[in-house]
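Architecture at a glance
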Amino acid sequence: MAGLTKQKIAAQRILQYQRNEYAKCLLDPSYFIKKYIKIQHQERGIIPFNMYPFQEETLKTFHEFKRCVVLKSRQMGISTLVAAYSLWELIFHEGKNILILSIKEFTAKEIIAKIQLANDELPSFLKVKTIENNKLSIKFMNQSKVLAASSASDSVRGFSASLIIIDECLGFDTDICVRNKNTGEIKSVKIGELYENNDYAADICENDFKNITDWEVLTPSGWSNFSGIKKLTKNSYLSINI
């Protein structure tokens, strides 16, 4: 009898610990990620996700603001951070719908794969079972779902998303809509053409910065003036200042 009592006490302590941990994770995505998220390292295999300070600051921004834009270089671990934060949203919020868009479907699939790995590595008291799990989507028992697609695809038409993640949405060949402020002419041009074609940006300032004075760009908020455009690397990545 004494042995059974000890087992019950131990079980109750474990259960209470799990409840406390669940509550901490529910309230704090940073705590959840630092303590429970695992990632795939190219050389070291599956390891804990030990965030750098800039990743923690980015996570805080994701959590506090509804709309975020990240200007970054490659291999900064932001896609991994997005996957970890997405998993937190999915398992701790019923009926959450997340849409991941990228220029290439393959890139969007990579984020899905990171979410799948992180979920598989969670302890059982945190893990939510999946009822749909493939390379393009995951649906959980709590009715939360994440769907991946290319930005050119119409497969997501009608999908009602509570969170949209757009990964690497702009490139040198991305088309944007511009309007001539003098003539009213409206046309679609590639971002790279804004820099290379002197019909749009004729004045070269220092540090490869070009002024754009006669054209404005169509944004979700309407037409906005350019202050200029700057080439950030030799062959790609242009910074458009509005």
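Just above, that's the structure.
Residues numbered from 1 in each chain as written. Predicted model: local features only at pLDDT ≥ 70, side-chain atom pairs only at ≥ 80, totals over all residues. Heavy atoms only, no water.

This next bit is on the sheet that holds strand β8 (residues 175-180). Read across the sheet, 4 strands follow the order β9-β8-β12-β13 without closing on themselves; strand pairing throughout is antiparallel. Edge strands, defined here as strands with exactly one partner in the open sheet, are β9 (186-190) and β13 (222-225). Averaged over all pairs of adjacent strands, the angle between their axes in this sheet comes to 45 degrees, without regard to strand direction. Two elements, strand β12 (residues 215-219) and β13, share 4 bridges in a ladder whose sense is antiparallel. Note on β13: the bridge partner recorded for valine 217 is serine 224. (Pairing = 2+ DSSP bridges. Helix = DSSP H or I, 4+ residues; strand = E, 2+ residues; numbered from the N terminus. Axes fitted to C-alpha atoms, helices over the stretch in contact; angles between N-to-C directions.)

Turning our eyes to something else, we now look at the sheet that holds strand β6 (residues 145-150). With mixed pairing, the 5 strands of this open sheet are ordered in space as β4-β5-β6-β3-β7. Strands with a single pairing partner mark the edges of an open sheet, and in this sheet they are β4 (130-133) and β7 (163-167). The average angle at which neighbouring strand axes cross in this sheet is 15 degrees, direction not considered. The pairing of strand β3 (residues 97-102) with β6 spans 6 bridges and is classified as parallel. Across the sheet, residue serine 102 finds its bridge partner in β6, namely serine 150. On the sheet, helix α4 (residues 78-92) packs against β3, β5 (137-140), β6 and β7 and is oriented at approximately 165 degrees with respect to β7. (Contact = heavy atoms within 4.5 Å.)

Time to look at the nonpolar core. Ranked by size, the top nonpolar core spans 37 residues in total, and within it Phe32, Ile33, Ile37, Leu87, Ile100 and Ile115 carry the most contacts. Elements that contribute at least two residues to this core include exactly α2 (29-36), α3 (53-64), α4, β3, α5 (105-120), β5 and β6. Considering each element in turn, this core owes the most residues, 11 residues, to α4. In this structure phenylalanine 32 touches Cys25, Ile37, Ala84, Leu87, Trp88, Ile91, Phe92, Leu122 and Leu126, once residues within four positions along its chain are discounted. Judged by nonpolar contacts, the second largest core, of 6 residues, contains Ile176, Val178, Trp215 and Val217. (Core = buried A, V, L, I, M, F, W, Y, C linked by side-chain atoms within 4.5 Å. Buried < 20%, exposed > 50% of the residue type's maximum accessible area, 1.4 Å probe, protein only.)

Here we come to the packing of α2 against α3. Running from N to C, α2 and α3 cross one another at 140 degrees; their axes reach a closest spacing of 10 Å. The angle between α2 and α3 places the two elements in the oblique class. Two packed elements cross with a definite hand, and for α2 against α3 that hand is right-handed. Across the interface between the two elements, Pro29, Ser30, Ile33 and Lys34 of α2 pack against Glu56, Leu59 and His63 of α3. Among the residues making up the contact of α2 with α3, the classes are represented as 3 nonpolar, 2 polar and 2 charged. (Parallel < 35°, antiparallel > 145°, perpendicular 65-115°, else oblique. Left-handed = near helix turned anticlockwise from the far one by under 90°. Nonpolar A, V, L, I, M, F, W, Y, C, P; charged D, E, K, R; others polar.)

This part is about the pattern of salt bridges. Overall, the coordinates contain 7 salt bridges when judged by the stated rule. Lysine 34 is paired through a salt bridge with glutamate 56; the nearest N and O atoms lie 3.5 Å apart. Of this pair, lysine 34 sits in helix α2 while glutamate 56 is found in helix α3, placing the two residues 22 residues apart along the sequence. Here glutamate 132 ties to lysine 145 by a salt bridge, and the two come within 3.8 Å at their closest N and O atoms. (Salt bridge = Lys/Arg side-chain N within 4 Å of Asp/Glu carboxyl O.)

Here we take up α5. With 16 residues, α5 extends 23 Å between its outermost C-alpha atoms, agreeing within 8% with the 22 Å of an ideal straight helix rising 1.5 Å per residue. When we look at burial in α5, the residues that qualify are Thr107, Ala108, Ile111, Ile112, Ile115, Gln116, Leu117, Ala118 and Asn119. (Expected span 1.5 Å × (residues − 1).)

Another aspect to go through is the side chain of glutamine 55. Inspection of the secondary structure assignment puts glutamine 55 in helix α3. A distance of 2.8 Å separates the side chain of glutamine 55 from the backbone nitrogen of tyrosine 52, its partner in a polar contact. In this structure, glutamine 55 is in contact with Phe49, Asn50, Met76, Gly77 and Leu81, ignoring residues within four places of it in sequence. (Polar contact = N/O pair within 3.5 Å; in protein donor to acceptor, adjacent residues only side chain to side chain.)

Note that all results are geometric; they support no functional claim without further evidence.
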